[in-house]
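What follows is each chain in one-letter form.
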Amino acid sequence: MSHTSLNYHIVFSTKERRAFIRDEVAERLHPYLGGIIREMDGVALAAGGVADHVHVAASLTAKAALMDVLRILKANSSRWVHESFPDLADFEWQDGYSAFSVSASVMPKVVAYLQGQREHHKEMTFQEELVALLKRHGVKYDERYVFG
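Residues numbered from 1 in each chain as written. Predicted model: local features only at pLDDT ≥ 70, side-chain atom pairs only at ≥ 80, totals over all residues. Heavy atoms only, no water.

Q: Is there a simple way to explain the nonpolar core in this structure?
A: It is characteristic of soluble globular proteins that their nonpolar side chains tend to be buried jointly. Ile21, Leu29 and Ile37 are the most contacted members of the largest nonpolar core, which totals 25 residues. Of all elements in the fold, only strand E1 (6-13), helix H1 (23-39), strand E3 (53-60) and helix H2 (66-84) reach the threshold of two or more residues within this core. By residue number, the principal contributor to this core is H1, which donates six residues. (Core = buried A, V, L, I, M, F, W, Y, C linked by side-chain atoms within 4.5 Å. Buried < 20%, exposed > 50% of the residue type's maximum accessible area, 1.4 Å probe, protein only. Helix = DSSP H or I, 4+ residues; strand = E, 2+ residues; numbered from the N terminus.)

Q: Explain the pairing of E3 here, please?
A: Consecutive side chains along a regular strand alternate between the two faces of the sheet. Counting buried positions along E3 yields seven of eight residues, so the element is predominantly enclosed. For E1 and E3, the ladder comprises eight bridges, and the chain directions are antiparallel. The residue of E3 that forms the bridge with serine 13 is histidine 53. Strand direction decides the pairing type here: strand E2 (residues 43-50) and E3, joined by seven bridges, are antiparallel. Bridge pairing links alanine 47 to valine 56 in E3. Hairpin geometry of E2 and E3 is characterised by an intervening segment of two residues between the two adjacent antiparallel strands. (Pairing = 2+ DSSP bridges.)

Q: Looking at this structure, I do not really get the pattern of salt bridges. What am I missing?
A: Two side chains carrying opposite charge are able to pair once their charged atoms lie near each other. Here the structure, examined in full by the defined rule, presents seven salt bridges. Residue arginine 22 is joined to glutamate 24 by a salt bridge in which the shortest nitrogen-to-oxygen separation is 2.3 Å. Overall, arginine 22 belongs to the partly exposed group, its relative accessible area being 28%. A salt bridge links arginine 22 to aspartate 87, with the shortest nitrogen-to-oxygen separation between them at 2.9 Å. Linking arginine 22 in the loop between E1 and H1 with aspartate 87 in the loop between H2 and strand E4 (98-102), this pair joins segments that are 65 residues apart in sequence. Ionic contacts of the salt-bridge type, sharing partners, join the residues Arg22, Glu24 and Asp87 into one network. (Salt bridge = Lys/Arg side-chain N within 4 Å of Asp/Glu carboxyl O.)

Q: Is there a simple way to think about the packing of H1 against H2 in this case?
A: When two helices pack together, their arrangement is captured by the angle between the axes and the distance separating the axes. Where H1 meets H2, the closest approach of the two axes is 10 Å, and the angle between their N-to-C directions is 140°. As summarised for this structure, H1 and H2 are arranged oblique, according to the angle between their axes. Where H1 crosses over H2, the two elements pack in a sense that is right-handed. Residues Arg28, Leu29, Tyr32, Leu33, Ile36 and Ile37 of H1 touch H2, and the partners they reach there are Val69, Ile72, Leu73, Asn76, Ser77, Trp80, Val81 and Ser84. (Axes fitted to C-alpha atoms, helices over the stretch in contact; angles between N-to-C directions. Parallel < 35°, antiparallel > 145°, perpendicular 65-115°, else oblique. Left-handed = near helix turned anticlockwise from the far one by under 90°. Contact = heavy atoms within 4.5 Å.)

Here you go:
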């Protein structure tokens, strides 16, 4: 028998960081993202964000390849947004994503961080937040590709 603890903090934005995720979208989208994670036998611990991006804290199974999870998560949620909010016909997610592994002992702090996104973004832009996350996790990046 195998035993794993595969916890992730996943972040991705709307295409061109457009402010598509208004309040009535967010309050339905975030639980929907959690449902997609559960359909893949994962555990959605929290989802949050603001108008131009989302964060998902999730525990995934060992059989789930992260890039496949993200492909399914983004494709299914995009389709759902189009079906549920016909006025958002132009809605798209960015091509890429950021994902950070998180120890079980730190995950409660990540969940609290996700739940406080509205307050957090009164003080920091998405770009500032993402750069801080990349630096904190030691991820090398090129701003041309992060924000281009």
